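Topology and contacts: notes
Read off the chains here:
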Amino acid sequence: MHHLFRLVLGQRDLSRAGDLFSLEDAVIEDCLSEALEEIKAISCSPDYLTNDNDQAVVEICITRITTAIRETRSIERHGAALVSLWESCLEHNLQPQGKDEDTPHAKIASDITSCILQNYNQPPVMALAVPVAVKFLQGGNKELSRNMSSYLSLAAIAKADLLAEHTEAITCSVLRGNHMLLRVLPSVYKKQPEAIHLHIGELTAMMSQLEQPEQQHLLRLLQMVAKQHPLALSSLVPSLVGYLSDPVLNDAVLTVLVDVSLACPASVSNFLPTLREVGQQFPALLGHVAKIHGAVGLTSEEQAHSSLVYLVSLLASMEHSIHHTLLLEIRGLTDRFSSILGGCGKDIYRMSNSFTAIARLLGRRLEADLAAASRVEDETEQCPKPCDLESSASDGDEKLQVKIQAFEEKMGEEGEVERESEAGSPGPQRRHSLGQAAREERREMRFNRSKSLALHAVRSRSFNSENGQDGEGAELNPEAYLSDGSPSPENGPGQTEEDDPRERDKLWVHLKDNEEKIKAFCSDIIKRIPVPEQCVIEDSSRGCVAKLSFSCPLKGHYCLYGKSSFTLSSRQPHIWIHVMLLSLQSKASEPLSSEDKAVQFLRAVWEKAQLKGLHTFETAMTQATFPHKKDLDSLQRHLEEVRFFDLFGYSDEEGSWLCFMCNNPEKATVVNQEGQPLIEGKLKEKQVRWKFIKRWKTRYFTLASNQLLFRKGKSKEELDDSPIELSKVQSVKVVAKKRRDRSLPRAFEIFTDSKTYVLKAQDEKHAEEWLQYINVAMAQAKERENREATTYL
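First things first, this report covers the structure right here in the doc. This is a predicted model, so every value here is computed, not measured. (Residues numbered from 1 in each chain as written. Predicted model: local features only at pLDDT ≥ 70, side-chain atom pairs only at ≥ 80, totals over all residues. Heavy atoms only, no water.)

Before going further, it helps to examine the overall build of the chain. Helix and strand counts for the chain stand at 37 helices and 12 strands. Contacts spanning at least 24 positions in sequence make up 64% of the contacts within the chain whose residues lie at least 6 apart. Element-wise, carbon and sulfur atoms account for 47% of the exposed surface of the chain, whose accessible area totals about 38,100 Å². (Helix = DSSP H or I, 4+ residues; strand = E, 2+ residues; numbered from the N terminus. Contact = heavy atoms within 4.5 Å. Areas by Shrake-Rupley, 256 points an atom, 1.4 Å probe, with all protein chains shown as cover.)

Structure follows, in structure tokens:
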């Protein structure tokens, strides 16, 4: 062992410990394992917990050793000694002894953790480390457990095999609250599925307790289970259905339910009405809903008929994007139960080049089946010719062109390929693509669909197939047939109404249909997220950003933003634009249209942002009525990061966001009194000798007017040092949590032109208070300068 290590460790000489950093890494590399063994002996001694000198020596030596290991890349050579010292910490108390106060052995473990586990891509090191890391998950120290979880997640990506044998322990750690480890479970699932199946119900029940990123990891796991062992989730269908109302979760949950329905249709059959409601509320999910109806329909002719009624209604009225899925599900059901259509299904698919016409013909057959069973039997024995179907379907309108080759051959070929590729998979066989033929005819279908809808809306009549009631005519009216199977009394036979030219405005129609929902949404979201007064798109080196401006509408005497605005830059302009449009609509007396000036402004901002991969303004605004919850949460987190809520608060009385002064008029006199302290008290200032040792000095600080003053010592009576001029402060931010100092979440930094101050309050509550008042004072100084400039001009 190097003589300096021998001196420092052998004699516990703290005064020479710093000299270790003057040595070259290569000079001490040979003796690092020996030094680690000596450190282990010191840390295991009976008086270590009460000997501050020994603890300081160990802390400095560990820092020097781990630095040398990293620089010389000798982790494989010294990994065994390092892991041995690491594991010895488990024999001692790791529970915090007070708020943010780790035990000496918890500090040793924390210092070693990153040195070992950052080598997650080196299997020999991980083979030693992973079993010990899993033990730390059960050690009771949340901070250590969190750090282990971060590195184990990386290890799971690089070498999942090493973690697979510990799947049970990792799963139990997740259930105890270590949610970060959820990201590990998908990586180890294929190796140890049964260990996860044992707890899959408990894991699913955690969904509502998780943050959004953790929910995504759990959903990924559920999707894997649904693909490989769907029957393991059949008993959890009620729980999964309960999450469908959440717009952040419902898409992924429905993909899980689709796979479960293919393997066990009975488990979802009772929830079809709920699924139809979800499809009505979230049209983008109708493809999943249709597949589940198709799977359940294959179980019996009665179920097939019920599912067909619903699917046909969607085929006649929904957007083109899900038509292929709908037609495949309908075709699957009519192929399985050909008697439903009297054996005429193939001719219906072959003869029409319009999805709406197909829906109409299918509706005729379903209605006829309900009207007279004997008639269905007759038609089963002698199927009408395609030309007869075409003639009766036209009924005075222009005849539909007969395309014998349209779907029969192509769908048959595609179906054969799909059936071969899915051989051996659980549940009924499914088709998932119409193939090239459908894609080639897409343009013509769009025209015919629009034309057919216009004709049928006037001529058709509704019927209620759910309760078996027959109608008077033979047309299926896509405009009058509701998603729940009930008829609409509007636009009955012979009734027409004048067209509103705004009906051709997709945005106007969308806002009109959702006017009340938008008002309800905005009344809630406005209390969480303010609406920008102005949005300007600016170019930057990293692409376009939105510069957003917020002001105080009250403009009181002491208002912080009477002559200025609070500004922030966001890389999520599309979400802000959506929020701004919804806010405009909630305040409007009637639905907005694409021709309104405010809407045209938002469209221009959208286009200037040049958001690659996104839709046009109208398409994007109508595709989803509201932004996803995860996107709104992201906006709120950004507002917190830029300290917006220090300076603004929502006023229920005014119904808007007011600045701190206008929201707290009782404090205005005190705040604006020259020399009167806005806040004062003790703060700790970081004093640094070596980077690896944290030292804090307590001072007495006073925030008054435009200055932050501090004394040399703890007393108010001691002489002042040079004050911090807030007008010269560039920014204030919270210090991110660091690995070695758990108390830093209550610390913050003040940046001036020439110096950075790191200050720490008594606790997080006091830190938030200091930060708020510092930000208020800074905003006040800026507003004062703007007022003076305005007066001068």
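Under the criterion given, the structure shown has zero disulfides. No disulfide involves Cys662; its nearest neighbouring cysteine sulfur is the one of Cys659, lying 3.6 Å away. For Cys662, a relative accessible area of 13% gives the class buried. (Disulfide = S-S within 2.5 Å. Buried < 20%, exposed > 50% of the residue type's maximum accessible area, 1.4 Å probe, protein only.)

Time to look at helix 33 (residues 629–641). Between its first and last C-alpha atoms helix 33 spans 18 Å; for 13 residues at 1.5 Å apiece the expected length is 18 Å, and the two agree. Buried within helix 33 are the following residues: Leu632, Asp633, Ser634, Leu635, His638 and Leu639. Along its buried surface, helix 33 packs onto helix 29 (515–525), strand 3 (566–570), helix 30 (573–587) and helix 34 (644–647). Just downstream of helix 33, Arg643 is the residue with a positive phi angle, here 65°. (Expected span 1.5 Å × (residues − 1).)

The two faces of a sheet get side chains in turn, since along a regular strand they alternate between them. Buried residues dominate strand 7 (residues 695–704), accounting for seven of its 10 residues. Taken together, the four bridges between strand 7 and strand 8 (residues 707–710) define a ladder with antiparallel strand orientation. For Leu703, the partnering residue across the bridge sits in strand 8 and is Leu708. Taking the residues that link successive antiparallel strands as the turn, the strand 7-strand 8 hairpin has two residues, and the phi of Ser705 there is positive, at about 55°. (Pairing = 2+ DSSP bridges.)

At a minimum axis separation of 10 Å, helix 1 (residues 3–10) and helix 4 (residues 52–72) run at an interaxial angle of 155°. Considered as vectors, helix 1 and helix 4 are oriented roughly antiparallel to each other. Between helix 1 and helix 4, the residues in contact are Phe5, Val8 and Leu9 and Val57, Cys61, Arg64 and Ile65, respectively. Each residue belonging to the contact of helix 1 with helix 4 can be placed in one class, and the counts come to six nonpolar, no polar and one charged. (Axes fitted to C-alpha atoms, helices over the stretch in contact; angles between N-to-C directions. Parallel < 35°, antiparallel > 145°, perpendicular 65-115°, else oblique. Nonpolar A, V, L, I, M, F, W, Y, C, P; charged D, E, K, R; others polar.)

Looking now at the pairing of strand 8. Pairing of strand 8 with strand 9 (residues 724–725) involves two bridges; the strand directions are antiparallel. Across the sheet, the residue bridging to Leu708 is Ile724, located in strand 9.

All right, on to the nonpolar core then. Counting 119 residues, the largest nonpolar core has Phe5, Trp86 and Leu203 as its most contacted members. Those residues in contact with Leu203 that sit more than four places away from it in its chain are Thr171, Val174, Leu175, Leu182, Leu185, Ile196, Leu218 and Leu221. Ranked by size, the runner-up nonpolar core spans 72 residues in total, among them Cys662, Phe748, Ala761 and Ala767. (Core = buried A, V, L, I, M, F, W, Y, C linked by side-chain atoms within 4.5 Å.)

Within this structure, the stated rule accounts for 15 salt bridges. Across the pair Lys191 and Asp161 runs a salt bridge, and its minimum N-O distance is 3.3 Å. A residue pair is termed long-range when its members are at least 10 positions apart, and Lys191 in the loop between helix 11 (185–189) and helix 12 (193–197) and Asp161 in helix 9 (residues 160–164) qualify at 30 residues. Here Asp633 and Arg528 are joined by a salt bridge, their closest N and O atoms 3.0 Å apart. Separated by 105 residues along the polypeptide, Asp633 in helix 33 and Arg528 in the loop between helix 29 and strand 1 (534–540) bring together distant segments of the chain. Salt bridges sharing partners connect three or more residues here, namely Glu29, Asp30 and Arg77. (Salt bridge = Lys/Arg side-chain N within 4 Å of Asp/Glu carboxyl O.)

The subject of this paragraph is the side chain of His638. Tracing the backbone through its elements, the reader meets His638 in helix 33. His638 sits in the buried class, given a relative accessible area of 18%.

Before going further, it helps to spend a moment on the environment of His105. With respect to the helices, strands and loops of the structure, His105 is situated in helix 6 (residues 104–117). The sequence separation of His105 and Asn93 amounts to 12 residues, and the corresponding C-alpha distance is 7.2 Å. With residues near it in sequence (within four places) discarded, His105 still touches Ser43, Tyr48, Leu49, Cys89, His92, Asn93 and Leu94. Of note is the side chain of His105, whose polar atom sits 2.8 Å from the backbone oxygen of Ser43. (Polar contact = N/O pair within 3.5 Å; in protein donor to acceptor, adjacent residues only side chain to side chain.)

On to the packing of aromatic side chains. In this structure the tally under the stated criterion is 17 aromatic pairs. With 6.4 Å between their ring centres and 85° between their planes, Tyr561 and Phe566 make a pair best called edge-to-face. The exposure class assigned to Phe566 is buried, which follows from its relative accessible area of 9%. Centroid distance Trp606 to Phe617: 6.2 Å. Interplanar angle 70°. Geometry classified as edge-to-face. Highlighted residues: Trp606 in helix 31 (residues 597–609) and Phe617 in helix 32 (residues 617–623), separated in sequence by 11 residues. Note on Phe617: relative accessible area 2%, which makes it buried. Three or more aromatic residues joined by ring pairs form one cluster here, namely Phe550, Tyr561, Phe566, Trp576, Phe644, Phe645, Phe648, Tyr650 and Trp657. One cation-aromatic arrangement involves Arg276 over Tyr310; the distance from NZ or CZ to the ring centre is 5.5 Å. (Phe/Tyr/Trp six-rings, centres within 6.5 Å; stacked < 30°, edge-to-face > 60°. Lys NZ or Arg CZ within 6 Å of the ring centre and 35° of its normal.)

It is worth spelling out the packing of helix 6 against helix 7 (residues 123–136) at this point. Between helix 6 and helix 7, whose axes approach to 11 Å, the crossing angle comes to 145°. As helix 6 runs across helix 7, the sense of the crossing is left-handed. Counted together, Ala109, Ile116 and Leu117 of helix 6 and Val125, Met126, Ala129, Ala133 and Phe136 of helix 7 form the full contact between these two elements. The residue inventory of the contact of helix 6 with helix 7, partitioned by class, reads eight nonpolar, no polar and no charged. (Left-handed = near helix turned anticlockwise from the far one by under 90°.)

This part is about the side chain of Ser261. Note on placement: Ser261 falls in helix 16 (residues 250–263). The exposure class assigned to Ser261 is buried, which follows from its relative accessible area of 0%. Once residues within four sequence positions are removed from consideration, Ser261 is found in contact with Val268, Ile292 and Ala295.

In this section: the environment of Lys512. Tracing the backbone shows Lys512 in helix 28 (residues 506–513). Classification of Lys512 by relative accessible area gives partly exposed; the value is 42%. Considered as a pair, Lys512 and Ser593 are 81 residues apart in the sequence and their alpha carbons are 9.4 Å apart.

Attention now goes to the environment of Leu308. Along the chain, the position of Leu308 falls in helix 19 (residues 301–317). Among the residues examined, Leu308 registers a relative accessible area of 1% and is labelled buried. Expressed as a C-alpha distance, the spacing of Leu308 and Ile330, which sit 22 residues apart in the sequence, is 6.3 Å.

Let's shift gears to helix 28. By the burial criterion, the buried members of helix 28 are Leu507, Trp508, His510 and Leu511. Axial view of helix 28: buried residues confined to an arc of 165°, hence all on one face. Along its buried surface, helix 28 packs onto helix 29, helix 30, helix 31 and helix 32. Among the residues of helix 28, the N-terminal cap falls to Asp505, whose side-chain oxygen and the backbone nitrogen of Leu507 are separated by 3.0 Å. (Arc of directions from axis to C-beta.)

Before going further, it helps to spend a moment on unusual backbone geometry. With a phi close to 50°, Lys555 is a non-glycine residue in the positive phi region. Tracing the chain through its elements places Lys555 in the loop between strand 2 (543–550) and strand 3. Looking at Lys555, the relative accessible area reads 41%, which means it is partly exposed. We note that Arg643 has phi near 65°; this positive angle belongs to a residue other than glycine. Here Arg643 shows up in the loop between helix 33 and helix 34. For Arg643, a relative accessible area of 9% gives the class buried.

These figures capture arrangement, not role.
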